[in-house]
Amino acid sequence: MHVLITGGAGFIGSHLAELHLAQGHKVHVVDDFSTGSPANIEPFVHNPDFRFTEADIANWPELSQTVPWADRIYHMAAVVGVFRVLDEPIRVMTTNVQGCDMLLAAVHKGGWKPQVLIASSSEIYGPRVDDKLSEDMDLIIQPDAPPRWNYAISKLADEALTLSYGHIHDIPVSIARLFNTVGPRQTGRYGMVIPRFVRQAVNGEPLTVFGDGQQRRSFVDVRDTVVMLDQVAGKASTEGIIVNVGHDREISIMDLARLVIERAGSDSVIEIIPYEVAYGQPYVDIRRRRPDTRRLHSMVSHRPQWTLEATIDDLIRAARQARDTAPA
Ligand code: UDP
């Protein structure tokens, strides 16, 4: 199989590349290194089945030639991370919507019908506080808090574009609403909580809990995510499937901080930081975000293998190694 991954030098994209290379597939990654990095693809950059192009897909002259090569396309390229969404709200909208539109237009013009999986996000559920979020729920977009919801709005537009291309042009598509995903290669630079807590615990720094710490999340390991994405993409249909991809175990951010400290055997303390200080502006956080995984489980056979504890232990090991081998 020929697999094109936009944003394939990013966190989830690079794990997808690794998975498909291990299956003997040919993988072409396009990434502009805006969030992704050369280090993420370093482990397989010399694999003869791997090809890399540094480009922003909205300005990539070879997009139309490359798309017909692919049997499957994962569109993972996006501006992500709370810090970037607040700092670059226009870019979030333009990059995320234009990139998706240009990709789908190129697939349509190419005439060939690859399976297309578009990465969406659990952010689009907005500030709902339901026990579990399911794919058929109404979504909440608060109109008076731009640019807070720009990422959600951009992903909602991507979903609408994807369903329309699928329906109007008979392209087999699927949409994965990704819930909080963690694991190796994730950077804490743009806000993601677990890499930040792990680095803080390993360095003996205070763990920065934003807000009251009672907000809850469900985390899934990226090595499970990519196996499930592979299975979801294999079921792409012209009606378009929307599916939550995540794990339904829930934990508060305060308990997460305690867990990371305990697993690291760290002396770090927990520091409560108001949102306004953390994000430099007032911020509406999501209080609760937990996927209803019934649709996912009806579609894919894979069940998450990594417990949160095992993932955290693995990240602590890697963070210690990075700290101890960093140049002085
Ligand atoms: N968070 C935190 N400390 C940090 C970074 C994040 O308490 O150093 C909180 C953040 O406010 C949110 C949760 O952890 O409530 C998850 O944040 P992340 O940015 O990882 O993902 P989100 O679920 O907000 O998209």
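Refer to the preceding data block for the structure.
Since the model is a prediction, treat every value here as computed from it, not as a measurement.

A. Main features of the site of the ligand. Around the ligand, a shell composed of 17 residues is seen, among which R196, T208, R217, D285 and R289 lie nearest. Contact distances for the ligand include 2.8 Å between an oxygen atom and a backbone N or O atom of V193. Y279 has a polar side-chain atom sitting 3.0 Å from an oxygen atom of the ligand. Its residues assigned to classes, the shell around the ligand shows nine nonpolar, four polar and four charged.

B. Expanded view of the environment of D314. Among the structural elements, D314 can be located in helix α12 (residues 308-325). Separated by 121 residues in the primary sequence, D314 and V193 place their C-alpha atoms 16 Å from one another. Sequence-distant contacts of D314, that is, excluding residues within four places in its chain, are made with P184, R223 and W306.

C. Geometry of the sheet that holds strand β14 (residues 288-289). Here three strands make up an open sheet; going across it, the order is β12-β9-β14 and the pairing mixed. Bordering the open sheet on either side are β12 (251-252) and β14, each of which pairs with just one other strand. Here strand β9 (residues 216-217) runs beside β12; their pairing, made up of two bridges, is antiparallel. When the bridges of β12 are listed, R216 appears paired with S252.

D. Broad picture of the sheet that holds strand β3 (residues 50-54). With respect to topology, seven strands assemble into an open sheet ordered β3-β2-β1-β4-β5-β6-β11, the strand pairing being parallel. Both outer strands of the open sheet, β3 and β11 (241-245), are each paired with one neighbouring strand and no more. Within the sheet, the average angular offset between the axes of one strand and its neighbour, ignoring direction, is 20°. The pairing of strand β1 (residues 2-6) with strand β2 (residues 26-31) spans five bridges and is parallel. Residue pairing in the sheet places H2 in a bridge with K26 of β2.

E. Expanded view of helix α6 (residues 150-169). Look at α6: 28 Å from first C-alpha to last across 20 residues, which is about the 28 Å you get at 1.5 Å a residue. Taken as a whole, α6 has its buried residues at N150, Y151, A152, S154, K155, D158, E159, T162, Y165 and G166. For α6, the secondary structure elements touched by its buried residues are α4 (82-87), α5 (89-110), β5 (115-121), β6 (173-178) and β11. Looking one or two residues past α6, D170 carries a phi angle of roughly 55°, positive in sign.

F. The arrangement of the packing of helix α7 (residues 193-202) against helix α9 (residues 253-264) in detail. Across the interface, α7 lies against α9 with an axial gap of 9 Å and an inter-helix angle of 40°. In terms of axis orientation, α7 runs oblique to α9. In terms of crossing hand, the pair formed by α7 and α9 is right-handed. When α7 is examined against α9, the residues V193, I194, F197, V198 and A201 are found in contact with a partner set consisting of I253, L256, A257, V260 and A264. Here the contact of α7 with α9 is built from residues that sort into 10 nonpolar, no polar and no charged.

G. Seen up close, unusual backbone geometry. Phi at F33 takes a positive value of approximately 60°, unusual for a residue other than glycine. In this structure, D170 is a non-glycine residue whose phi angle is positive, near 55°. Along the chain, D170 turns up in the loop between α6 and β6. The exposure class assigned to D170 is partly exposed, which follows from its relative accessible area of 44%.

H. A look at empty space enclosed by the protein. One pass over the full model with this rule turns up one cavity of 30 Å³ or more. Residue lining of the largest cavity: V182, R217, F219, V220, D221, H247, R249, I251, W306, T307, L308 and T311, and that is the complete set. Broken down by secondary-structure element, the contributors of at least two residues to the lining of the largest cavity are β10 (220-221) and α12. Residues belonging to the lining of the largest cavity are distributed by class as follows: six nonpolar, three polar and three charged.

Reading guide: rules and limits
- Residue numbers here run from 1 along each chain, matching the order of that chain's written sequence.
- Two thresholds apply to this predicted model, a pLDDT of at least 70 for residue-level local features and 80 or more for giving and counting side-chain atom pairs, whereas whole-chain, interface and lining totals are computed over all residues.
- Excluded from the side-chain calculations are hydrogens and water; all other atoms, namely the structure's heavy atoms, are used.
- Any residue with a heavy atom positioned within 4 Å of a molecule or strand is treated as near that molecule or strand.
- In protein, a polar contact requires one atom able to donate a hydrogen and another able to accept it; more generally it is a pair of N or O atoms within 3.5 Å, and residues adjacent in sequence count only if both atoms are side-chain atoms.
- Under the scheme applied here, ten amino acids are nonpolar (Ala, Val, Leu, Ile, Met, Phe, Trp, Tyr, Cys and Pro), four are charged (Asp, Glu, Lys and Arg), and all others, including Gly, are polar.
- Only DSSP runs of H or I covering at least 4 residues are called helices, and only runs of E covering at least 2 are called strands; the numbering of each starts at the N terminus.
- Residue contacts follow a heavy-atom distance rule, with two residues in contact if any of their heavy atoms lie within 4.5 Å.
- Should DSSP find at least two bridges between two strands, the strands are taken to pair.
- Lines are fitted to the C-alpha atoms to define the axes, a helix being fitted only along its stretch in contact, and any angle between axes, read from their N-to-C directions, falls within 0 to 180 degrees.
- The span you would expect from a helix comes to 1.5 Å times its residue count less one.
- Only protein chains enter the accessibility calculation, which uses a 1.4 Å probe; a residue whose area is less than 20% of its type maximum is buried, one above 50% is exposed, and one in between is partly exposed.
- Relative orientations are named as follows: roughly parallel for angles under 35 degrees, roughly antiparallel for angles over 145 degrees, roughly perpendicular for angles from 65 to 115 degrees, and oblique for any other angle.
- A clockwise turn of the near helix away from the far one marks a right-handed crossing, whereas an anticlockwise turn of less than a right angle marks a left-handed crossing.
- Lining residues are defined by having an atom within 4 Å of a point belonging to a cavity or pocket. Those points lie on a 1 Å grid over the protein atoms alone, cavities being sets where a 1.4 Å probe fits but cannot get out and pockets being open sets with protein on both sides within 12 Å along at least five of seven lines.
- Grid points are joined across faces, edges and corners, and a volume is the space filled by probe spheres set on the points.

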